[in-house]
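Chain by chain, the residues:
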Amino acid sequence: MAGQHRVVDHILEGLAGIGVGHIFGVDGANIEDLYDAAHCHPRITAVVAKHEFSAATMADGYSRSGAGLGVVAATSGGGALNLVPGLAESLASRVPVLALVGQPPAAMDGRGSFQDISGRNGSLDAETLFSAVSVFCRRIGTPGEIVGALRSAVAAARTGGPAVLLLPKDVQQARVVYDRPVNGHGGAGSAPAGPGDPHPVLRALRGADGPVVIIAGEQIARDDARAELQALAGLLGAQVACVPDAKDVGGPGSHALTGVVGHPGVADLLAASAVCLVVGTRLPVTARSGMDAALESVRMVSIGSAPPYLPCTHVHSDDLRVSLTALAHGLRRQRPLGLRAPDRLRRGELEPPRHRGPGVRYRDAMRVLDTVVPPGVDIVVDAGNTGASALHYLPVRRDGRFIVALGMGGMGYSFGAGIGMAFGRARRTVVIAGDGAFFMHGMEIHTALQYRLPITFVLFNNNAHAMCVTREQLFYGDLYSYNRFRPSVLGAGLGAMFPGLPAADVNQAGELSAALDSALNVDGPSVVSIGCSADEIPPFAPFLTAPVLKEDGYVTARA
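Residues numbered from 1 in each chain as written. Predicted model: local features only at pLDDT ≥ 70, side-chain atom pairs only at ≥ 80, totals over all residues. Heavy atoms only, no water.

Further remarks concern the packing of helix 16 (residues 362-372) against helix 17 (residues 385-393). Two elements in contact, helix 16 and helix 17, have axes separated by 10 Å at closest approach and are oriented at 55°. Taken together, helix 16 and helix 17 sit at an angle that is classed as oblique. Crossing of helix 16 against helix 17: the hand is right-handed. Here Tyr362, Arg363 and Met366 of helix 16 come into contact with helix 17, specifically with Asn385, Thr386, Ser389, Ala390 and Tyr393. Tallied by class, residues from the contact of helix 16 with helix 17 come to four nonpolar, three polar and one charged. (Axes fitted to C-alpha atoms, helices over the stretch in contact; angles between N-to-C directions. Helix = DSSP H or I, 4+ residues; strand = E, 2+ residues; numbered from the N terminus. Parallel < 35°, antiparallel > 145°, perpendicular 65-115°, else oblique. Left-handed = near helix turned anticlockwise from the far one by under 90°. Contact = heavy atoms within 4.5 Å. Nonpolar A, V, L, I, M, F, W, Y, C, P; charged D, E, K, R; others polar.)

Put into structure tokens, the structure is as follows:
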């Protein structure tokens, strides 16, 4: 028996059938039919953000949380264009996201319609634009196209990255006819697993004459392969170090980081190893800084959906659960004879110069957070000096997630991503961001209040874009600053702006524990703003080895 319903109904039913529970976006004329369909759908909640970039990061955070495919919706014109930086982050970090982008009616293409982005008659070409920030992009021209296009878009996104469907308003409203009723699977298929042949990596591990070190990446979280990684590490007796945007995949007690905010002991461990197994990361500069010499001295093999930027033996895998299980099975059948346990990793910490300015020190604040934030809490960190400090100093909570966006490093990512994480995992989430990030996208705190989400926003307020201030000091002699702000009082300001929002300002380390403890135990969102100093150098390796410009020229090494 044939069935009929609108294209937007088909999209919602297909997404619900693969477990999507939320759609994030900003409503508007050319996407309102999708919101209408969501209002009538019993299994999908449509969430309205304050800005499309934040809606895209909500979908990104929802996907990284493991809740399912992140979906973002936006109307045409400027609303659509605001998605671009958020989708670029998902592309660079290989996060599965589906973007549903409204368009003016197709009959008006190239005829001067408001927000025309059809590419016709001199208008902006949305398909060309979004193709550059996605793994899949298709404009839907007829109602019948949606069945195959939705299936293809979901499959493409599941390989790692955003997929985009461009939906003219008249097509959204049209009826789609198909031969059997929608059952939740006809519109959205699964990507075929691609575990690859692990034998080249297996041969390298069997031939190891000495310790093995594993560098773990973000694909382990995407493929939910943490248990398989730990089983493999146990068989190899290997130490695990994580790249910065995969801090929470290394397992209990294994929080050593690589790269620009990493721990010095990782490079020493690599240099003393026979084989380095890279799992699920391309090792960009942020993840390998300070380790290049050690990586050149060790045999490097890799497994994952994309090869590292450094030359090595690589095995492609779109399913690390399958591939790591196969590696472990192969090692059990033929145990390597030359394996040795590596020396215990001396993680250590980077040592920024001591700072005695006003406010709370980064290290002291992270120590308090480590003390008061309980197990099971998820942590989302923004870019900048604040993010570098949280990554370097703050351990992952047991049974909690810890995410940061380093693909594009867009400031303000954490506000939307924390909301997506809270929707996806329904547990307390802590967002850690600076005031610069807050001024960009911090009004999403209102979205958290609107939906009574259990999020504590910890804002480090140094009245500056502090990482830019640090660069002015190190590289331009501290002769001027474009990046210091007029002072603000964020906690009191937000409390006055949003009645009912618990918000506090803390300027002394001794006041922080009580303020955080109170904020973590409210029903719904809360804010703690921590006064700190823009002149404190964070634990960020490039700053600690930078030459300093004096009046008579450069002198080497700050540290």
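Further remarks concern the side chain of Glu536. Mapped onto the elements, Glu536 comes out in the loop between strand 19 (526-531) and helix 24 (541-544). Among the polar contacts listed, one links the side chain of Glu536 to the side chain of Arg361, at a separation of 3.3 Å. Apart from residues lying up to four places away in sequence, Glu536 is in contact with His355, Val360, Arg361, Tyr362, Asn385 and Thr470. (Polar contact = N/O pair within 3.5 Å; in protein donor to acceptor, adjacent residues only side chain to side chain.)

The UniProt entry lists residues 6-116 under the feature "domain: Thiamine pyrophosphate enzyme N-terminal TPP-binding" (unreviewed entry), expressed in the numbering used here. Taken end to end, residues 6-116 is 41% helix and 19% strand, and its two terminal C-alpha atoms sit 23 Å from one another. (UniProt positions renumbered as here; feature names shortened; annotations may be inferred.)

Structurally, the position occupied by Asp535 is in the loop between strand 19 and helix 24. When the C-alpha atoms of Asp535 and Thr456 are compared, they prove to be 26 Å apart, with 79 residues separating the residues in sequence. Excluding its chain neighbours within four sequence positions, the residues that come into contact with Asp535 are His355, Val469, Gln473 and Arg484. Looking at Asp535, its side chain comes within polar contact range of the side chain of Arg484, at 2.6 Å.

Turning our attention to the environment of Val7. Relative to the elements of secondary structure, Val7 occurs in helix 1 (residues 7-17). Residues Val7 and Ala541 lie 534 residues apart in sequence; the distance between their C-alpha atoms is 51 Å.

Here the focus is the sheet that holds strand 4 (residues 70-74). Two pairing modes exist for strands in a sheet, parallel and antiparallel, and in both the strands are linked by backbone hydrogen bonds. Ordered by their spatial adjacency, six strands build an open sheet running 3-2-4-5-7-6, and the pairing between neighbours is parallel. The open sheet terminates on both sides in strands that have one partner only, identified here as strand 3 (45-48) and strand 6 (136-139). The mean angle between the axes of side-by-side strands here comes to 20°, regardless of whether they run parallel or antiparallel. The sheet strands contacting helix 7 (residues 145-158) are strand 5 (97-103), strand 6 and strand 7 (162-168), and the helix crosses strand 7 at an angle near 160°. (Pairing = 2+ DSSP bridges.)

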